[in-house]
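Remarks on the overall topology
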Amino acid sequence: MTVHGNLLGPEPTRLPVDPAAAELAGGADATAVAAAHPASMIAWATLAESALADGEVVTAYAYARTGYHRGLDQLRRNGWKGFGPIPWAHEPNQGVLRALAALLRASEALGETDEVERLRTFIAESDPAAPAELGIA
């Protein structure tokens, strides 16, 4: 019998470059960027983070949940099987990880303890460095 692949686990998932990231970095309005690129996780994460900063927890939750689901779609399209590394250091992965962190923060503010723990585990298992990078360690 021949064994193929990495015996230690799945290969890290590295998402392709999100064209919306350059627009956001150039100062474009996040709402306009999300409207032009609805599959962009970084756009939804940016909107969620902004809503959290403004104290708009329910709005932040909705934006972050959208980024989370868009992220899951893109991860799966790029070979992720529901588990395995999603490295923070690979910049295109940061959109989904930021959306997860924003969803964690919004869930925490809404008192969703089970969701907070599930997200905390998901992020830490994706990349042990991610919680510190996201300020949720």
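Residues numbered from 1 in each chain as written. Predicted model: local features only at pLDDT ≥ 70, side-chain atom pairs only at ≥ 80, totals over all residues. Heavy atoms only, no water.

Structural notes on the packing of helix H5 (residues 94-109) against helix H6 (residues 113-126)
The geometry of H5 relative to H6 is characterised by a closest axis approach of 9 Å and an angle of 155° between their N-to-C directions. In this view, H5 runs roughly antiparallel relative to H6, as classed from their interaxial angle. Between H5 and H6 the crossing geometry is left-handed. Residues Leu97, Leu100, Ala101, Leu103, Leu104, Ser107 and Glu108 of H5 lie in contact with H6, whose contacting residues are Glu115, Val116, Leu119, Arg120, Phe122, Ile123 and Ser126. Taken together, the residues of the contact of H5 with H6 sort by class into nine nonpolar, two polar and three charged. (Axes fitted to C-alpha atoms, helices over the stretch in contact; angles between N-to-C directions. Helix = DSSP H or I, 4+ residues; strand = E, 2+ residues; numbered from the N terminus. Parallel < 35°, antiparallel > 145°, perpendicular 65-115°, else oblique. Left-handed = near helix turned anticlockwise from the far one by under 90°. Contact = heavy atoms within 4.5 Å. Nonpolar A, V, L, I, M, F, W, Y, C, P; charged D, E, K, R; others polar.)

Focus: the side chain of Asp18
Locating Asp18 in the fold gives a position in the segment before helix H1 (19-25). It is Arg98 that comes nearest to the buried, bridge-free Asp18 among opposite-charge side chains, at 9.4 Å. In terms of polar contacts, Asp18 uses its side chain to reach the backbone amide nitrogen of Ala20, at 2.9 Å. Of note is the side chain of Asp18, whose polar atom sits 2.7 Å from the side chain of Ser40. Leaving out residues up to four positions away in the same chain, Asp18 has contacts with Ser40, Met41 and Ile42. (Buried < 20%, exposed > 50% of the residue type's maximum accessible area, 1.4 Å probe, protein only. Lys, Arg positive; Asp, Glu negative; His and termini not counted. Salt bridge = Lys/Arg side-chain N within 4 Å of Asp/Glu carboxyl O. Polar contact = N/O pair within 3.5 Å; in protein donor to acceptor, adjacent residues only side chain to side chain.)

A few points about the packing of aromatic side chains
All told, the structure shown has three aromatic pairs when counted by the stated rule. Here the aromatic rings of Trp44 and Tyr63 are separated by 5.9 Å at their centres, their planes lie at 35°, and the arrangement is tilted. Pair noted here: Trp44 is in helix H3 (residues 41-53) and Tyr63 is in helix H4 (residues 57-77), with a separation of 19 residues, a long-range link. Of the residues examined, Tyr63 reaches a relative accessible area of 24% and is grouped as partly exposed. A ring pair is formed by Trp80 and Phe122, whose centres lie 5.8 Å apart and whose planes are at 10°; its orientation type is stacked. (Phe/Tyr/Trp six-rings, centres within 6.5 Å; stacked < 30°, edge-to-face > 60°.)

Quick look at the environment of Asp18
When its relative accessible area of 13% is taken as the criterion, Asp18 is described as buried. The spacing of Asp18 and Ala34 is 16 residues in sequence and 12 Å in space, taken between C-alpha atoms.

Focus on the pattern of salt bridges
Scanning all chains against the criterion turns up five salt bridges. For Glu115, the salt bridge is made with Arg65, and the minimal N-O distance between the two is 2.5 Å. Taken together, the positions of Glu115 in helix H6 and Arg65 in helix H4 put the pair 50 residues apart, joining distant regions of the chain. In this structure Glu115 comes out as buried when scored by relative accessible area, which is 11%. Glu108 is the partner of Arg120 in a salt bridge, and the nearest nitrogen-oxygen pair spans 3.7 Å. Highlighted residues: Arg120 in helix H6 and Glu108 in helix H5, separated in sequence by twelve residues.

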